[in-house]
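# Structural overview
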Number of protein chains: 2
Amino acid sequence: MKKIIDAKLKEKDYRLTDQRRTILDVMLKNPGKHLSAEEVFEKARKKSPGIGIATVYRTLEKFTEIGVLYKSVFESGKFRYEIYNSEIHHHHHIICLNCGKITEVQDDLLNDLERRIEMQGFKIIDHELKFYGYCPNCK
Amino acid sequence: MKKIIDAKLKEKDYRLTDQRRTILDVMLKNPGKHLSAEEVFEKARKKSPGIGIATVYRTLEKFTEIGVLYKSVFESGKFRYEIYNSEIHHHHHIICLNCGKITEVQDDLLNDLERRIEMQGFKIIDHELKFYGYCPNCK
DNA sequence: CCGATATTGATAATCATTATCATTTATATG
DNA sequence: CATATAAATGATAATGATTATCAATATCGG
Ligand SMILES: [Mn+2]
Ligand SMILES: [Mn+2]
Ligand SMILES: [Zn+2]
Ligand SMILES: [Zn+2]
């Protein structure tokens, strides 16, 4: 994993710094979580106490750009990030309207719909699907 | 349409003011568009020159709450609103990665997937599906 | 080790959205 | 219609997340 990222960084003359390593570790250690910049900052500073919040923002953005992270919005005006596994198609999310819990759905099932849209002249690269409702606990 | 909204407002002791009427007009006159608060403000002040931006924010929020508008995020940290037609299930969006154009897809096709998820104990209320890719012009 | 260049941390700036509050309105009631 | 009361408004301050700036520092190829 780190090898791959190392290569992706090199492609664009990006350097592998301690801070970037730390942030990557944080993300790798929290699979299935969807962390905000602030949350990443809090976790990262345990390993790299001197790290600045600006570096966290910059790194999250850069990692998203090179396809290492996936960025989404669940609640009002704040981004959340998770490791992006480009091999499997991206999963969907169910957001509980009561407790806010985010659950992942591994099924995809959008291929038919995508094909239909491409018939109309579009080229689909990615999709993002969110379900809103109630989790088993809150139902 | 206005009758319905009038009724929805009354339910909660909300009042029908000139400003709210103006904002509703703006939204009704822009079907298929996805307007930001700032854009609604610019259009609204042509009919109600004295209207304040705070009122626009408040009204958009209130209309969303009572189901008159639908609120979504397309780009970084900014909400966009459109008229919400609760009779037909909500359409999907295709966002062009090149020119930013937003196209609507009327197909739904998510019922199967929703049913499958509900089998696992969830209750699905709504969904939001976005496709990212290239529009016919930019392909 | 050196030099060119990318990166960092501190902090100021920006941008969208919310909160505050005194003033103005909508609406129910007599 | 006049009046009381609670909701709504507009101006503006405050907030919260993100981005820009810039001098100091670190990376990395040679
Ligand atoms: Mn996820
Ligand atoms: Mn739409
Ligand atoms: Zn829940
Ligand atoms: Zn386009």
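Residues numbered from 1 in each chain as written. Chains lettered and ligands numbered in written order. Predicted model: local features only at pLDDT ≥ 70, side-chain atom pairs only at ≥ 80, totals over all residues. Heavy atoms only, no water.

### Quick word on the relation of the copies chain B and chain A
- Between chain B and chain A, which share one sequence, the superposing operator has a rotation angle of 179° and an axial displacement of 0.0 Å; the RMSD is 0.1 Å. Those values place the two copies in the arrangement expected of a two-fold rotation axis. Within chain B, B:Leu129 has its C-alpha nearest the rotation axis, a separation of 2.2 Å. (Least-squares fit on C-alpha atoms with pLDDT ≥ 70 in both.)

### Remarks on the protein's contact with DNA strand D
- Around DNA strand D, the surrounding shell holds 23 residues, and the nearest of these are A:Arg15, B:Thr17, B:Arg20, B:Thr55 and B:Arg58.
- Near-protein atoms of DNA strand D (within 4 Å) split between backbone and bases, with sugar and phosphate holding 69%.
- B:Gln19 has a polar side-chain atom sitting 2.9 Å from a sugar or linking oxygen of DNA strand D.
- A distance of 2.6 Å is found between a base nitrogen of DNA strand D and a side-chain nitrogen or oxygen belonging to B:Arg58. (Near = heavy atom within 4 Å. Polar contact = N/O pair within 3.5 Å; in protein donor to acceptor, adjacent residues only side chain to side chain.)

### Thoughts on the coordination of the manganese ion (ligand 1)
Residues and elements named next belong to chain A.
- Bound to the manganese ion (ligand 1) are the protein donor atoms His34 (NE2), Glu82 (OE), Glu82 (OE), His91 (NE2), His93 (NE2) and Glu104 (OE), situated 2.1 to 2.7 Å from the metal.
- Bound by six donor atoms, the manganese ion (ligand 1) shows angles of 52 to 171° at the metal and therefore irregular coordination geometry.
- Read from N- to C-terminus, the donor residues coordinating the manganese ion (ligand 1) fall into the pattern H-x47-E-x8-H-x1-H-x10-E.
- Among the residues examined, glutamate 82 registers a relative accessible area of 4% and is labelled buried. (Donors = N, O, S within 2.8 Å, 3.2 Å for Na, K, Ca; no water. Tetrahedral: all angles 85-135°; square planar, octahedral: opposite > 155°, others 65-115°. Buried < 20%, exposed > 50% of the residue type's maximum accessible area, 1.4 Å probe, protein only.)

### What about the packing of aromatic side chains?
All names here are of chain A.
- Under the definition given, this model contains two aromatic pairs over all chains.
- Each ring, one from tyrosine 70 and one from tyrosine 84, has its centre 5.5 Å from the other, and the planes form 20°; the classification is stacked. Of the two residues, tyrosine 70 is situated in strand β1 (residues 69-73) and tyrosine 84 in the loop between β2 (79-83) and β3 (92-96); the sequence distance between them amounts to 14 residues.
- By relative accessible area, tyrosine 70 is classed as buried at 10%.
- Across the ring face of tyrosine 14, the terminal group of lysine 62 is positioned such that the distance to the ring centre comes to 4.3 Å. (Phe/Tyr/Trp six-rings, centres within 6.5 Å; stacked < 30°, edge-to-face > 60°. Helix = DSSP H or I, 4+ residues; strand = E, 2+ residues; numbered from the N terminus. Lys NZ or Arg CZ within 6 Å of the ring centre and 35° of its normal.)

### Notes on the sheet that holds strand β2 (residues 69-73) of chain B
All names here are of chain B.
- The three strands are arranged β1-β3-β2 in an open sheet whose pairing can be described as antiparallel. Edge positions in the sheet fall to β1 (35-36) and β2, since each has one partner strand and no second.
- Two elements, β1 and strand β3 (residues 79-83), share two bridges in a ladder whose sense is antiparallel. Within β3, the residue paired with serine 36 across the bridge is arginine 80.
- Against the sheet, helix α4 (residues 53-65) engages β2 and β3, with an angle of about 110° to β2. (Pairing = 2+ DSSP bridges. Contact = heavy atoms within 4.5 Å. Axes fitted to C-alpha atoms, helices over the stretch in contact; angles between N-to-C directions.)

### A short note on the sheet that holds β3(A)
- Spatially, the six strands line up as an open sheet ordered β4(A)-β3(A)-β5(A)-β6(B)-β4(B)-β5(B), and their pairing is mixed. Looking at the sheet topology across the chains shown, the edges are occupied by β4 (102-105) of chain A together with β5 (102-105) of chain B. Strand-to-strand twist in this sheet, taken as the mean axis angle between neighbours without regard to direction, amounts to 25°.
- Two elements, β3(A) and strand β5 (residues 123-134) of chain A, share four bridges in a ladder whose sense is parallel. Each bridged residue has a counterpart across the sheet, and for A:Cys96 the counterpart in β5(A) is A:Gly133.
- Docked against the sheet, helix α5 (residues 111-118) of chain A engages β5 of chain A together with β4 (92-96), β5 and β6 (123-134) of chain B, running at close to 135° with respect to β5(A).
- Helix-sheet contacts for helix α5 (residues 111-118) of chain B involve β3, β4 and β5 of chain A together with β6 of chain B, and the interaxial angle to β6(B) is about 135°.

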